[in-house]
Amino acid sequence: MNIDIIIFTAHPDDAEISIGGTIAKLAKHNRTVGIIDLTKGELGTRGSAETREMEAESASKILGIAIRDNLNIPDGKVKPSQEYIEKVIVQIRKYKPQIIFAPYFNDRHPDHIGAGQIVKEAMFLSGLPKIVTTENGTVQDSYRPKKLFYFMMTYEFEPTFIVDISNTLTTKIDAIKAFKTQFYDPNSNAPETFISKPDFIRNIEARAKFYGFQIRKEFGEPFYSEEKIEMNFDWMLDGM
Ligand SMILES: [Zn+2]
């Protein structure tokens with residue numbers, strides 16, 4: 001099965017926080033979207049790998065995505081290595097996405113930095129026929145996605161483009177809240193973390209507002225591209 005767009009993340013819930021509005025928008029427009037989490041997030045202070053797996057499943061349903069996989073890389077150890085890069089290449093060749101997304105390569109969490117680096121290397125190497133990978137014993141064809149875009153985790157960057165998520169911000173927040181153990185819950189006795197304070201969700205909304213305003217829309221999500229983006233004037237050159 002081919003998947004149009006794949007989001008690679010370090011931890012379950014990273015995609016919902018950073019690119020949930022864009023995912024819901026693409027899925028609503030009948031594009032197939034997949035999320036591939038590199039780790040199960042087992043080092044998280046609150047909840048466990050098992051609860052997060054269940055939470056990821058309900059968040060996936062809310063976003064309307066086609067697949068969600070996990071590469072079982074140990075949490076806290078997401079750094080470029082031949083083994084991990086190969087794991088990502090196998091997924092790219094399996095699903096043949098046109099666009100892939102990864103965490104921006106500078107961040108507060110070292111796993112986010114590592115995931116961005118792994119995906120960038122895998123994207124390039126996946127296109128080389130002499131890099132041989134197999135899936136279920138079958139040698140895979142080489143394949144390179146057309147675009148790699150980075151999404152914003154904690155640290156900000158000057159965006160290359162912003163996606164209008166005015167119609168899907170509520171879906172994004174619902175998907176984030178599906179990770180019940182990770183975010184603010186007035187009835188929870190679990191230790192408070194950076195993301196479990198009630199402020200965290202408000203910050204997500206404020207950031208969406210901030211970037212939305214820059215494109216004169218209500219809410220937006222920012223992205224970064226290392227390569228230049230072509231402007232083809234499609235929106236004003238109908239039929240040309
Ligand atoms: Zn994360």
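The structure this text deals with has already been given above.
The model shown is predicted, which means the values in this text are computed figures rather than measured ones.

Caption draft 1: The arrangement of the coordination of the zinc ion in detail. Coordination of the zinc ion by the protein comes from His11 (ND1), Asp14 (OD), Asp14 (OD) and His112 (NE2), over a distance range of 2.1 to 2.5 Å. The site at the zinc ion holds 4 donor atoms, and with the angles between them running 56 to 121 degrees, its shape is irregular. Read N to C, the donor residues that coordinate the zinc ion are spaced as H-x2-D-x97-H. Taken as a pair, Asp14 in helix H1 (residues 14–28) and His112 in helix H4 (residues 110–126) lie far apart in primary sequence, 98 residues in all. Here the two residues Asp14 and His112 agree in accessibility, since each one is buried.

Caption draft 2: Structural view of the packing of H1 against helix H5 (residues 169–177). Where H1 meets H5, the axes come as close as 8 Å, and the angle between the chain directions of the two elements is 135 degrees. Judged by the angle between their axes, H1 and H5 are oblique. Of the two elements, H1 crosses H5, and the hand of that crossing is right-handed. Where H1 abuts H5, its residues Glu16, Ile17, Ser18, Ile19, Gly20, Gly21 and Ala24 lie against Thr171, Lys172, Ala175 and Ile176.

Rules of the game
Residues numbered from 1 in each chain as written. Predicted model: local features only at pLDDT ≥ 70, side-chain atom pairs only at ≥ 80, totals over all residues. Heavy atoms only, no water. Donors = N, O, S within 2.8 Å, 3.2 Å for Na, K, Ca; no water. Tetrahedral: all angles 85-135°; square planar, octahedral: opposite > 155°, others 65-115°. Helix = DSSP H or I, 4+ residues; strand = E, 2+ residues; numbered from the N terminus. Buried < 20%, exposed > 50% of the residue type's maximum accessible area, 1.4 Å probe, protein only. Axes fitted to C-alpha atoms, helices over the stretch in contact; angles between N-to-C directions. Parallel < 35°, antiparallel > 145°, perpendicular 65-115°, else oblique. Left-handed = near helix turned anticlockwise from the far one by under 90°. Contact = heavy atoms within 4.5 Å.

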